[in-house]
Amino acid sequence: MSLIQSWRWYGPNDPVTLQDVRQAGATGIVSALHHIPHGQVWPLEEIQERKRIIEAAGLEWVVVESVPVHEAIKTRRTDCALYLENYRQTLRNLAACGITTVCYNFMPVLDWTRTNLAYELENGAKALHFDWVDLAVFDMFILQRAEADKDYAEEVVQQAREKYRNFSEEDLQKLSDIILMGVPTEGSVTIPELLQSIDIYKNIGHTGLRENLAYFLESIMDVCEETGINMTIHPDDPPFAILGLPRIATSKEDLLDILHRVDRPANGICFCTGSLGAGSHNNPVDILKAVGHRVYFAHLRNVLKDETGSFYESDHLAGDVDMFGVMQELVRINEERELPIPFRPDHGHQMLDDLHKVTNPGYSAIGRLRGLAELRGLEMGIARSMNQTDLHEQRHDTSSRH
Ligand code: DNO
């Protein structure tokens with residue numbers, strides 16, 4: 001049984017069509033009802049309609065990414081009960097349609113964060129980039145967060161000051177738009193909103209956020225267990241505290257803490273090699289070995305870090321993440337499962353013909369097609385050689401018994 005080769009599809013408005021996805025060779029779709037405002041119940045009919053479209057194209061909707069967790073829940077605001085009830089209802093509706101793997105994240109306010117969405121590589125392709133100096137420019141001079149400079153290395157602060165001096169209004173606006181943008185289609189936050197949230201999270205802190213996550217999980221576990229849903233938390237991207245906001249899914253310790261606090265099979269992980277791999281404190285293969293029993297979904301991509309910890313998204317098989325090691329472990333875990341684990345090539349370079357198109361950052365077709373093809377080949381090679389080794393060992397066993 002192979003892994004389910006999947007593809008994130010943003011829905012009927014995605015410039016990449018389901019036919020394109022089929023040509024890329026994926027069989028599973030990862031999708032969400034992005035048009036429904038955070039916190040509202042996803043109506044059964046709309047889920048059915050999305051499923052119908054996906055199936056009409058000969059594909060299967062295997063994972064929901066994401067059912068967003070409303071800020072009221074993350075911050076455990078006084079009105080959070082309402083949002084928890086809505087979340088529970090959305091899960092019931094999804095399960096009624098047979099979709100039982102749900103991805104979510106617990107990152108405060110912002111989802112994934114980059115400072116450049118079109119970082120040009122030597123070969124002319126474009127990648128997503130995270131640069132500490134640019135983040136410091138944003139934090140110190142645009143956001144003007146109190147004592148922001150204390151959170152960066154001395155050289156980063158120096159370089160940020162210098163860069164700021166040379167930045168035009170337009171450069172600043174561009175940087176700000178990129179950082180404030182979460183997932184395309186889910187809208188951006190404004191500077192005043194972000195500052196306000198930073199204050200709220202200051203009071204919650206790291207410990208409080210961990211407790212709020214456990215409270216969220218405990219509040220939905222009965223629905224998950226009744227309906228067969230597995231929740232998968234996406235690691236924080238990047239995997240460190242930024243802009244003074246706490247982060248609680250950044251490392252092996254964090255993930256183990258999440259699994260132990262709510263120690264139920266439905267409390268699972270979306271194993272994202274790129275998010276975890278961006279932290280020099282992380283070894284993705286080692287992490288997968290520790291939490292693999294609860295991994296129900298995987299995002300596979302690679303990153304290359306420099307000495308300051310800034311990074312860009314590199315080719316899927318070439319970077320700091322040992323993709324061979326990850327795939328080997330994933331194939332091994334999958335062998336023991338009744339239901340295969342879906343993985344998707346997470347992000348891809350904007351390349352070839354896509355350079356002339358307007359695409360969702362990270363989600364153009366051709367770069368992901370390349371990633372999927374490489375990962376699929378890697379999977380096949382590993383699975384075959386594992387089976388051959390098994391066969392060889394079996395033969396060896398029987399012949400030695402004679
Ligand atoms: C970025 C994605 C994230 C992810 C969410 C999951 O491309 O990996 O946006 O979908 O964080 O909730």
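Look up a bit, the structure's there.
Criteria and thresholds
- Residues numbered from 1 in each chain as written.
- Predicted model: local features only at pLDDT ≥ 70, side-chain atom pairs only at ≥ 80, totals over all residues.
- Heavy atoms only, no water.
- Buried < 20%, exposed > 50% of the residue type's maximum accessible area, 1.4 Å probe, protein only.
- Helix = DSSP H or I, 4+ residues; strand = E, 2+ residues; numbered from the N terminus.
- Pairing = 2+ DSSP bridges.
- Axes fitted to C-alpha atoms, helices over the stretch in contact; angles between N-to-C directions.
- Polar contact = N/O pair within 3.5 Å; in protein donor to acceptor, adjacent residues only side chain to side chain.
- Contact = heavy atoms within 4.5 Å.
- Parallel < 35°, antiparallel > 145°, perpendicular 65-115°, else oblique.
- Left-handed = near helix turned anticlockwise from the far one by under 90°.

Of all 11 residues in helix 5 (residues 132-142), nine are buried; the element is thus mostly enclosed. Of all the positions in helix 5, only Trp 132, Val 133, Asp 134, Leu 135, Ala 136, Val 137, Phe 138, Asp 139 and Met 140 are classed as buried. Of the residues one or two after helix 5, Gln 144 is the one with positive phi, at around 55°.

Reading across the sheet, the four strands line up as 5-6-11-10 and stay open at both edges, with antiparallel pairing between neighbours. Both outer strands of the open sheet, strand 5 (116-120) and strand 10 (302-305), are each paired with one neighbouring strand and no more. Between one strand axis and the next, the sheet turns through 40° on average, direction left out of account. The sheet contact formed by strand 6 (residues 126-130) and strand 11 (residues 311-314) spans two bridges and is antiparallel. Residue pairing in the sheet places Phe 130 in a bridge with Phe 311 of strand 11.

Another aspect to go through is the side chain of His 299. Take His 299: it is sitting in strand 9 (residues 295-300). Side-chain polar atoms of His 299 contact the side chain of Glu 65, separated by 3.0 Å. In contact with His 299, other than residues within four places in its own chain, are Glu 65, His 234, Cys 270, Phe 271, Cys 272, Thr 273, Arg 344 and Asp 346.

Quick look at the packing of helix 9 (residues 252-261) against helix 11 (residues 284-291) now. Direction vectors running N to C along helix 9 and helix 11 enclose 15°, while the axes themselves pass 10 Å from each other. Accordingly, the angle class assigned to the pair helix 9 and helix 11 is roughly parallel. As helix 9 runs across helix 11, the sense of the crossing is right-handed. Note on element contacts: helix 11 touches helix 9 through Asp 286, Ile 287, Ala 290 and Val 291, opposite Lys 252, Leu 255, Leu 256 and Leu 259.

Read around the closed barrel, the eight strands follow the order 1-2-3-4-7-8-9-12; overall the barrel is parallel. Strand-to-strand twist across the sheet, computed as the mean angle between neighbouring axes with direction ignored, equals 30°. Bridge count between strand 3 (residues 60-65) and strand 4 (residues 101-105): two bridges; the pairing is parallel. Residue pairing in the sheet places Glu 65 in a bridge with Cys 103 of strand 4. Contacting strand 8 (267-272) and strand 9, helix 12 (residues 323-335) runs over the sheet at an angle of about 155° to strand 9.

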